[in-house]
2 protein chains.
Amino acid sequence: MTSVDALWQARYRHPAPMDLPDSPVLRALMSHRSVRAYRPDPLPEHALPAAIAAAQSAATSSNLQSWSVIAVKDQARRKRLATLGGNQKHITVAPLFLVWIADLSRLARLATAEGQTHEALDYTESFMTSLIDAALAAQNATVALEGMGLGTVYIGGLRNHPEAVAAELGLPPLAFPAFGLCVGYPDMAHPASIKPRLPQACVLHREQYDPQGENGLIAQYDRDADAFQREQNLPSRAWSRTMIDRIATVAGLHGRDTMRATLARLGFPLK
Amino acid sequence: MTSVDALWQARYRHPAPMDLPDSPVLRALMSHRSVRAYRPDPLPEHALPAAIAAAQSAATSSNLQSWSVIAVKDQARRKRLATLGGNQKHITVAPLFLVWIADLSRLARLATAEGQTHEALDYTESFMTSLIDAALAAQNATVALEGMGLGTVYIGGLRNHPEAVAAELGLPPLAFPAFGLCVGYPDMAHPASIKPRLPQACVLHREQYDPQGENGLIAQYDRDADAFQREQNLPSRAWSRTMIDRIATVAGLHGRDTMRATLARLGFPLK
């Protein structure tokens, strides 16, 4: 396994500024790369329950536990979800596809069964809580799965067609498919690399938010990210230019500019 | 360190149904408990950079990296944030308080500097992406910190007063303080316990969403969670009853029913 120092070098493209603790946990976290080439081999039987135990061990707001996950193994269903998720072939190849659900429906069922209202669930805050809960759980599952030598990649593309995904998965109202996660053994014939990130000083602020100095740091990152692209035989492009083009108009949202109306139809009026 | 089998037993209050891989990573993930009693001792110098490297190693939608974090050590500022976060004393005692920011402002600055629009940032989808990115990053940091023997607890209470928190931290528009995280050495005179969670079958669905059988599982969880409460000398109460009371009316949102208007004022119109 690669050392924490080497992982830091790959992530930031400069040496770590101090001695870091070289623990298996930190190595596992810093080793993440998104895997898009999988072997079709099935997972060991223990992988899913272990990952879900890790997911449920994450913090959850006020113990509401307002998330669910659908484990999709069926090949035909994965193929349909791959189409809905922007024709991402790895969803079809990886043997397991997890769809993470911001799920307020379980709480609603509890209330309804007792003849109670569930007014609080209509509010933006409740949806946010549920979305954060789902993300914390999913990330713990991801780290657990990667720790078993498996590869993963998040699929935000499911948000291109949330209603069709909800229908495919038989979701009740108040359950939103937030994102997917492919899981499988990485195909080592097409290994994935650690992607460089912004310098820490860009995202980490001390005491108060301070964007001073950010321009120079981003210019450095543009050069580093471009060098990485060229190493990977990918198109040469500055990160900041890609970002600016992406956010300039609603076109960059790939149809997701209707999300608020979609959420309302799925049972989230976001009051 | 406790075995994975023992951690499963604590989390679900029944033995693991199969052999699980007993790795340091899985043990670290399953060991989580929210720590609310801290020693005031400062952290080792490497803790924060290592945690941020873990955070930045998490996946981020389209490499947008649309989050930031403010590291607050100043005692007076932590005290003010503790007041804003619902008078939670541990914010004042733990030596480090991290505030995780759903941050679209960096992307907006990039666009503005180039004379470009950033229309996409006005949409609900962009806010959701940013919130998910922040949560994935925060969870990786949490796992890294806990792996170093430190304790953490998420502070959703910051969402009681997001505008006051934003002012305290000097946040620009398009930066939302999503939640806080206390970090410090656990005070072993007041050890925290692993909290039981819902049975896996409640949150994990196969192929399609299926709430059949959920009632019996939740009744079992109500008994398990109540037994845990009594072991901890906490009030005896069924989980489902607590949840139902919490969501019945807007009162359970502790003033956060104004979140949508607050977000608009912070620069997120959620189109």
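Remember, it's a predicted structure, so these values are computed and weren't measured experimentally. All residue numbers here refer to positions counted from 1 along the written sequence of the relevant chain. Chain letters start at A and ligand numbers start at 1, both assigned in the order the entries are written. In view of the model being predicted, local features appear only for residues whose pLDDT reaches at least 70, and side-chain atom pairs are presented and counted only at 80 or more, with totals across whole chains, interfaces and linings using the full set of residues. The basis for the side-chain values is all heavy atoms of the structure; hydrogens and waters are excluded.

Caption draft 1: Just the overall build of chain A, in detail. When helices and strands are tallied, chain A shows 12 helices and six strands. Throughout, the radius of gyration refers to the C-alpha atoms, and the reference size of a globule is 2.2 Å times the residue count to the power 0.38. Its C-alpha atoms give chain A a radius of gyration of 20 Å, near enough to 18 Å, the size a compact globule of 271 residues would have. Overall, chain A is about 60 × 45 × 40 Å in size when its C-alpha atoms are taken along their principal axes. Relative accessibility under 20% of the residue-type maximum defines a buried residue, over 50% an exposed one, and the middle range a partly exposed one, all with a 1.4 Å probe and only protein chains included. Out of the 271 residues in chain A, the part that is buried amounts to 58%. Taking as baseline every contact in chain A between residues at least 6 positions apart, the subset at least 24 positions apart corresponds to 76%. With residues, only the protein chains shown are counted as cover, and all accessible areas are computed by Shrake-Rupley using a 1.4 Å probe. Accessible surface for chain A amounts to roughly 10,100 Å². Of this, 52% is attributable to carbon and sulfur atoms. Charged residues are defined narrowly, with Lys and Arg counted positive, Asp and Glu counted negative, and His plus the chain ends left uncounted. Where a charge sits is defined by one atom per residue type, namely NZ (Lys), CZ (Arg), CG (Asp) or CD (Glu). Across chain A, 27 positive and 25 negative side-chain charges occur, with their mean positions spaced 7 Å apart. Going along the chain from the N terminus, every DSSP run of H or I of four or more residues is numbered as a helix, and every run of E of two or more is numbered as a strand. Between two residues, a contact is recorded if the distance between any of their heavy atoms is within 4.5 Å.

Caption draft 2: View of the nonpolar core. Only buried residues count toward a nonpolar core. Its members are Ala, Val, Leu, Ile, Met, Phe, Trp, Tyr and Cys residues joined through side-chain atoms within 4.5 Å. Among the nonpolar cores identified, the biggest contains 164 residues, and Leu98, Trp100 and Phe176 of chain A together with Leu98, Trp100 and Phe176 of chain B are the most heavily contacted of them. Every residue in contact with Phe176 of chain B, bar those within four places of it in the chain, is listed here: Met128 of chain A together with Trp100, Ile101, Ala102, Phe127, Leu131, Arg159, Pro162, Met259, Leu263, Leu266 and Phe268 of chain B. Core analysis: the next-biggest nonpolar cluster, separate from the first, contains 33 residues, Ala50 and Ala53 of chain A together with Leu20 and Met30 of chain B among them.

Caption draft 3: Quick look at the environment of Asp19 of chain B. Note on placement: Asp19 of chain B falls in the loop between α1 (4–12) and α2 (24–30). Of the residues examined, Asp19 of chain B reaches a relative accessible area of 69% and is grouped as exposed.

Caption draft 4: Region of the structure containing the relation of the copies chain A and chain B. Overlaid copies result from least-squares superposition on C-alpha atoms, with residues included only where pLDDT is at least 70 in both. The two copies are related by a screw motion: chain A maps onto chain B through a turn of 180° and a shift of 0.0 Å along the axis, at an RMSD of 0.0 Å. Such values leave the two copies arranged in the relation of a two-fold axis. When each C-alpha of chain A is compared by its distance to the rotation axis, Val25 of chain A comes out closest, at 2.6 Å. Of the interface residues in chain A, 100% have counterparts in chain B that sit at the interface too, so the contact is made through matching surfaces.

Caption draft 5: How the structure looks around the UniProt feature "domain: Nitroreductase" (unreviewed entry) in chain A. UniProt positions are given in the numbering used here, feature names are shortened, and annotations may be inferred rather than shown by experiment. Residues annotated in UniProt with the feature "domain: Nitroreductase" (unreviewed entry) correspond here to residues 30–185 of chain A. Annotation note: span residues 30–185 of chain A, helix share 42%, strand share 21%, distance between end C-alpha atoms 19 Å.

Caption draft 6: Spatial organisation of the domain arrangement of chain A. Each domain's extent was defined by an automatic or database domain assignment. Domain assignment breaks chain A into domain 1 (1–31) and domain 2 (33–192 + 255–266). On a C-alpha basis, the centroid separation for the pair domain 1 of chain A and domain 2 of chain A is 29 Å.

Caption draft 7: Structural context of the interface of chain A and chain B. In this assembly, 118 residues from chain A lie in contact with 118 residues from chain B. Summed over both sides, the interface between chain A and chain B buries roughly 10,500 Å², with carbon and sulfur atoms accounting for 63% of that surface. By buried area we mean how much accessible surface two parts lose on assembly, using a 1.4 Å probe and totalling the loss over both. Among the residues of chain A in contact with chain B, Glu207, Tyr209 and Ile247 of chain A are the three that bury the most area, contributing 8% of the side total. Any carboxyl oxygen of Asp or Glu within 4 Å of a side-chain nitrogen of Lys or Arg constitutes a salt bridge here. Here chain A is connected to chain B by 10 salt bridges. Arg109 of chain A is the salt-bridge partner of Glu214 of chain B, the closest N and O atoms lying 2.7 Å from each other. Per-element accounting of the side of chain A that touches chain B gives the leading share, 15 residues, to helix α7 (residues 124–147) of chain A. The class makeup of the residues in the side of chain A that touches chain B is 67 nonpolar, 26 polar and 25 charged. Pairs of strands are assigned from DSSP output, requiring at least two bridges between the strands. For strand β6 (residues 204–206) of chain A and strand β1 (residues 67–72) of chain B, the ladder comprises three bridges, and the chain directions are parallel. When the sheet's bridge partners are listed, Leu204 of chain A is paired in β1 of chain B with Val69 of chain B. Residue polarity follows a fixed list, in which Ala, Val, Leu, Ile, Met, Phe, Trp, Tyr, Cys and Pro are nonpolar, Asp, Glu, Lys and Arg are charged, and the others, Gly among them, are polar.

Caption draft 8: Representation of the packing of aromatic side chains. Each Phe, Tyr or Trp ring, with Trp reduced to its six-membered ring, pairs with another whose centre is within 6.5 Å; inter-plane angles below 30 degrees give stacked pairs, above 60 give edge-to-face pairs, and intermediate values give tilted ones. Per the counting criterion, the structure on display carries 12 aromatic pairs over all chains. Plain terms: the ring middles of Trp8 of chain B and Tyr12 of chain B are 4.7 Å apart, the flat faces sit at 50° to each other, and that makes the pair tilted. Placement of the pair is Trp8 of chain B and Tyr12 of chain B together in helix α1, with a separation of four residues, close to one helical turn. Using a relative accessible area of 5% as the deciding quantity, one classes Tyr12 of chain B as buried. Grouping aromatic residues by their ring pairs yields a cluster made of Phe127, Phe176 and Phe268 of chain A.

Caption draft 9: Up close: the sheet that holds strand β2 (residues 96–103) of chain B. Spatially, β6(A)-β1(B)-β2(B)-β4(B)-β3(B) is the arrangement adopted by the five strands of the open sheet, whose pairing is mixed. Looking at which strands have only one partner, the edges of the open sheet turn out to be β6 of chain A together with β3 (151–155) of chain B. Pairwise comparison of adjacent strand axes, ignoring direction, gives a mean angle of 25° for this sheet. In this analysis an axis means a line fitted to C-alpha atoms, helices contributing only their contacting stretch, and an angle means the value between N-to-C directions, from 0 to 180 degrees. Of the strands in this sheet, β1, β2, β3 and β4 (175–184) of chain B are in contact with helix α7 (residues 124–147) of chain B, which crosses β2 of chain B at around 155°.

Caption draft 10: Geometry of the pairing of strand β3 (residues 96–103) of chain A. Residues and elements named next belong to chain A. In terms of burial, β3 is a largely internal element, eight of the eight residues being buried. On β3, burial covers both faces: Leu96, Leu98, Trp100 and Ala102 on one face and Phe97, Val99, Ile101 and Asp103 on the other are all buried. Here six bridges tie strand β2 (residues 67–72) to β3, and the two strands are oriented antiparallel to one another. Each residue of the ladder has a partner; that of Ala71, found in β3, is Leu98.

Caption draft 11: How the structure looks around the environment of Ile194 of chain A. All names here are of chain A. Structurally, Ile194 is set in the loop between β5 (175–186) and α9 (200–203). Ile194 gets classed as buried once you look at its relative accessible area, which sits at 9%. For the pair Ile194 and Phe228, spaced 34 residues apart in the sequence, the C-alpha separation amounts to 9.5 Å. In this view, Ile194 contacts Leu7, Ala10, Arg11, Met30, Ser31, His32, Arg33 and Phe228; residues no more than four positions away in its chain are not counted.

Caption draft 12: Structural context of the side chain of Arg77 of chain B. Within the fold, Arg77 of chain B resides in helix α4 (residues 75–84). Arg77 of chain B has contacts with Glu207 and Gln208 of chain A together with Val72, Glu168 and Leu169 of chain B, leaving out every residue within four places of it along the chain.

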